[in-house]
Amino acid sequence: QVQLVESGGGLVQAGGSLRLSCAASGRTISNYIMAWFRQAPGKEREFVAAINWSGARTSYTDSVKGRFTVSRDNAKNTVYLQMNSLKPEDTAVYYCGIQRVAGPFKTLAYEFDYWGQGTQVTVSS
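Sequence order as written defines residue numbering, which begins from 1 separately in each chain. pLDDT decides what is reported in this predicted model: residues at 70 or higher carry local features, side-chain atom pairs at 80 or more are listed and counted, and totals for whole chains, interfaces and linings draw on all residues regardless. Computation of side-chain values: all heavy atoms of the structure, hydrogens and water removed.

Visitor: Describe the pattern of salt bridges, with residues and values.
Guide: A pair is scored as a salt bridge if a Lys or Arg side-chain nitrogen falls within 4 Å of a carboxyl oxygen belonging to Asp or Glu. Inspection of every chain in the model, using the stated rule, returns five salt bridges. A salt bridge links Asp 90 to Arg 38; its shortest N-O distance comes to 2.9 Å. Pair noted here: Asp 90 is in the loop between strand E8 (78-83) and strand E9 (92-99) and Arg 38 is in strand E4 (residues 34-39), with a separation of 52 residues, a long-range link. The residue Asp 113 makes a salt bridge to Arg 100 at a minimum N-O spacing of 2.8 Å. Of this pair, Asp 113 sits in strand E10 (residues 112-113) while Arg 100 is found in the loop between E9 and E10, placing the two residues 13 residues apart along the sequence. Secondary structure elements are defined from DSSP: runs of H or I of at least 4 residues count as helices, runs of E of at least 2 residues count as strands, and each element is numbered from the N terminus.

Visitor: Hey, could you go over the pairing of strand E7 (residues 68-73) for me, with residue numbers and the actual values?
Guide: The rule is simple: take the accessible area with a 1.4 Å probe, protein chains only, and divide by the maximum for that residue type; under 20% is buried, over 50% is exposed, in between is partly exposed. Going residue by residue along E7, you find Phe 68, Val 70 and Arg 72 tucked away on one face and Thr 69, Ser 71 and Asp 73 left uncovered on the opposite face. Any two strands between which DSSP finds at least two bridges are classified as paired. The pairing of E7 with E8 spans six bridges and is classified as antiparallel. Looking at E8, one finds that Ser 71 is bridged to Tyr 80. Here E7 folds back onto E8 in antiparallel fashion, the turn holding four residues, of which Asn 77 has a positive phi close to 55 degrees.

All quantities given are derived from atomic positions and should not be read as evidence of function.
Right, here's the structure in full:
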């Protein structure tokens, strides 16, 4: 069983930056596609970014392209999300998950396992 712990969230002004971390324990995640999702109050969990096992391939939802960067350190069993030029609409709880199957990047929450507790990101205008 793997546990994921997200951290790094907080309150930031619009235009600011945050770096989220997703630390895994109990099993190596080096062979898996990892993704970040976010969920705002009253909304469904939505895909933000994903990274393949080596870090050579990434995918982003259109609204964060050019502002967010996903990366990983397999030696530390950790995935990161660098968020720059933050906007109020980025406010949400951010989660990381493990893609259930190999192959193309998936973008629906039910295709991922082992969610952590999430970390709150609040961007003030």
